[in-house]
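The primary structure of each chain is shown beneath.
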2 protein chains.
Amino acid sequence: MSPRPRFALDLTTILEAAGELANQQGMQEVTLANLAKRLNIRPPSLYNHFDGLPGLRKHLAIYGLNKLYEEMTQAAIGVSGTEAILSISRAYVNFARNYPGIYEATLMAPNPEDADVQQAGSKIVGLSVRLLQAYPLEGDMALHAVRGLRSILHGFSSLEQRGGFKMALDLDESLEIIIKAFIDGIRKGK
Amino acid sequence: MSPRPRFALDLTTILEAAGELANQQGMQEVTLANLAKRLNIRPPSLYNHFDGLPGLRKHLAIYGLNKLYEEMTQAAIGVSGTEAILSISRAYVNFARNYPGIYEATLMAPNPEDADVQQAGSKIVGLSVRLLQAYPLEGDMALHAVRGLRSILHGFSSLEQRGGFKMALDLDESLEIIIKAFIDGIRKGK
DNA sequence: CCCTAAAACTAATATCGTTAGTTTTATATT
DNA sequence: AATATAAAACTAACGATATTAGTTTTAGGG
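Criteria and cut-off values
- Residues numbered from 1 in each chain as written.
- Chains lettered and ligands numbered in written order.
- Predicted model: local features only at pLDDT ≥ 70, side-chain atom pairs only at ≥ 80, totals over all residues.
- Heavy atoms only, no water.
- Contact = heavy atoms within 4.5 Å.
- Buried area = accessible area lost by both parts, 1.4 Å probe.
- Salt bridge = Lys/Arg side-chain N within 4 Å of Asp/Glu carboxyl O.
- Polar contact = N/O pair within 3.5 Å; in protein donor to acceptor, adjacent residues only side chain to side chain.
- Helix = DSSP H or I, 4+ residues; strand = E, 2+ residues; numbered from the N terminus.
- 1 Å grid on protein atoms, 1.4 Å probe; cavity = no way out; pocket = protein on both sides within 12 Å on 5 of 7 lines; lining within 4 Å.
- Points joined across faces, edges and corners; volume = space filled by probe spheres on them.
- Nonpolar A, V, L, I, M, F, W, Y, C, P; charged D, E, K, R; others polar.
- Phe/Tyr/Trp six-rings, centres within 6.5 Å; stacked < 30°, edge-to-face > 60°.
- Buried < 20%, exposed > 50% of the residue type's maximum accessible area, 1.4 Å probe, protein only.
- Lys NZ or Arg CZ within 6 Å of the ring centre and 35° of its normal.
- Core = buried A, V, L, I, M, F, W, Y, C linked by side-chain atoms within 4.5 Å.
- Expected span 1.5 Å × (residues − 1).
- Axes fitted to C-alpha atoms, helices over the stretch in contact; angles between N-to-C directions.
- Left-handed = near helix turned anticlockwise from the far one by under 90°.

A. Seen up close, the interface of chain B and chain A. Contact with chain B, which involves 37 residues of that partner, is made by 37 residues of chain A. Roughly 3600 Å² is buried in total at the junction of chain B and chain A, and carbon and sulfur atoms are behind 64% of that figure. A per-residue breakdown of the area chain B buries against chain A is headed by His144, Arg147 and Arg162 of chain B, which together make up 20% of the total. Across the chain B-chain A interface, the total number found is two salt bridges. Among the ionic pairs, aspartate 184 of chain B bridges to lysine 188 of chain A, the shortest N-O distance being 3.0 Å. Counting every contact that joins chain B to chain A gives 16 residue pairs in polar contact (both at pLDDT 80 or more). Taken together, the elements giving at least two residues each to the side of chain B that touches chain A come down to helix H7 (141-161) and helix H8 (171-188) of chain B.

Structural data, given as structure tokens:
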């Protein structure tokens, strides 16, 4: 009755719809059925754009990583040193707060080892590496520092999202103190 | 044909089977169908022991949190100060390495705000708080420090599990450096 | 102008979680 | 010891989901 409509969907439109769905209802609700409903098409039509649910998850993970990278990049403009690290850290946790479903999608790629997913993630790592080069760190210290920074940011965001921080204590203040302490400690450890 | 068998299952047995399933195949494979298959019963029979899939996830989360708490407690015996923090940190990441599915289950409770789940988690927080009291931290610093420690441990384990650390750099060394740096920084920040 | 291929569709299947109702037997009560 | 109750398994059925196969229409390139 209505095959090949005049205006076909494109992948970006689909991913945006999936992102909204994820933010509003959580990743467990982004099913092919729900997504198709939102786009006013039938579930099998989605297979024209990606390879089933795993395919959607992969695309959405990359889509999210790229958005996150953009926001962190913006936050890194015009700042340096500890101020820069703090700035991208705030951008990271704010991204997870403002787009909880997309952030969740970032971690739900069917195969995290996938080359495309790794590449999207490596841009974020690269940004951190560059900013950490403001300090003179010797040997492998910079690499350990990146691992630490990523651990803090992901752990903090993930725990905050799951309601893990019950204490009546300002979250932004916690983040600032944690990051500053970590950077301080890393620098002192050379 | 075979209702009420002579030896009925008990919840602990079921959770152990579910835990093995999770460790071997990941949490997305611990379905009522797969679990029933492993226990040689039919899926509906599981409803005699917990309230559907959400009920199983909640029980498994608590089961995992308790196991994790036990291992951390063992690691805290006979040590103090930074050595104690390092010891429970190693216990934490080793738990996630040795029981990846159970660690995953720890984060998949249907409602993380659930009182029983919160209680199981709070024991771990309490242990960290006690060990951090070895340092003289003023004001809310101890609370911020606990948040930071938890963020590091969860973030590090989660990223390691998802293959997030590609670099050819010893993971245990990273953890030790990260924790030491953080504790150092926290102490210096008073 | 036509022809191919993209992008929608319908129909059908397997799997899963879940509910309802049944059956057997262990255990507690009398 | 006899009986009643309830726990714990079962079968059967339903709705939702992802997925595959095959069909139809039409946009756009040759």
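B. Quick peek at the layout of surface pockets. Here the largest pocket defines a volume of roughly 1600 Å³. Every residue lining the largest pocket is counted, 39 residues in all, and those nearest its centre are Glu104, Met108 and Arg162 of chain A together with Glu104 and Met108 of chain B. At the level of secondary structure, the elements contributing two or more residues to the lining of the largest pocket comprise helix H1 (11-25), helix H3 (52-75), helix H5 (100-106) and helix H7 (141-161) of chain A together with helix H3 (52-75), helix H5 (100-105) and H7 of chain B. Of the residues in the lining of the largest pocket, the class split is 19 nonpolar, 14 polar and six charged.

C. Geometry of the packing of aromatic side chains. Residues and elements named next belong to chain B. Following the criterion strictly, the structure yields six aromatic pairs over all chains and no others. Relative to phenylalanine 165, the ring of phenylalanine 156 lies with its centre 5.3 Å away and its plane at 45°, an arrangement referred to as tilted. Like phenylalanine 165, phenylalanine 156 is buried. Its guanidinium or amino end placed over the ring of tyrosine 99, lysine 67 lies 4.4 Å from that ring's centre, counting from NZ or CZ.

D. Seen up close, the nonpolar core. In this structure, Leu35, Leu46 and Ile179 of chain A together with Leu35, Leu46 and Ile179 of chain B are the most contacted members of the largest nonpolar core, which totals 128 residues. Ignoring any residue separated from it by four or fewer positions in sequence, one finds leucine 35 of chain A in contact with Ile14, Ala17, Ala18, Leu21, Leu46, Phe50 and Leu56 of chain A.

E. Molecular detail of helix H4 (residues 81-98) of chain A. Residue and element names in this part refer to chain A. Its 18 residues give H4 an end-to-end C-alpha distance of 26 Å, which sits within 8% of 26 Å, the value for a rise of 1.5 Å per residue. All of the buried residues along H4 are Gly81, Ala84, Ile85, Leu86, Ser87, Ile88, Ser89, Ala91, Tyr92, Val93, Phe95 and Ala96. Looking at the packing, one finds that the buried side of H4 touches H3, H5, helix H6 (115-132), H7 and helix H8 (171-188).

F. Region of the structure containing the packing of H3 of chain A against H4 of chain A. Residue and element names in this part refer to chain A. The geometry of H3 relative to H4 is characterised by a closest axis approach of 8 Å and an angle of 145° between their N-to-C directions. Here the hand of the crossing between H3 and H4 comes out right-handed. Residues Gly64, Lys67, Leu68, Glu71, Met72 and Ala75 of H3 pack against Ser87, Ile88, Ala91, Tyr92 and Phe95 of H4. Each residue belonging to the contact of H3 with H4 can be placed in one class, and the counts come to seven nonpolar, two polar and two charged.

G. Inspection of unusual backbone geometry at higher detail. Positive phi outside glycine occurs at asparagine 40 of chain A, with the angle close to 60°. Relative to the helices and strands, asparagine 40 of chain A resides in the loop between helix H2 (32-39) and H3.

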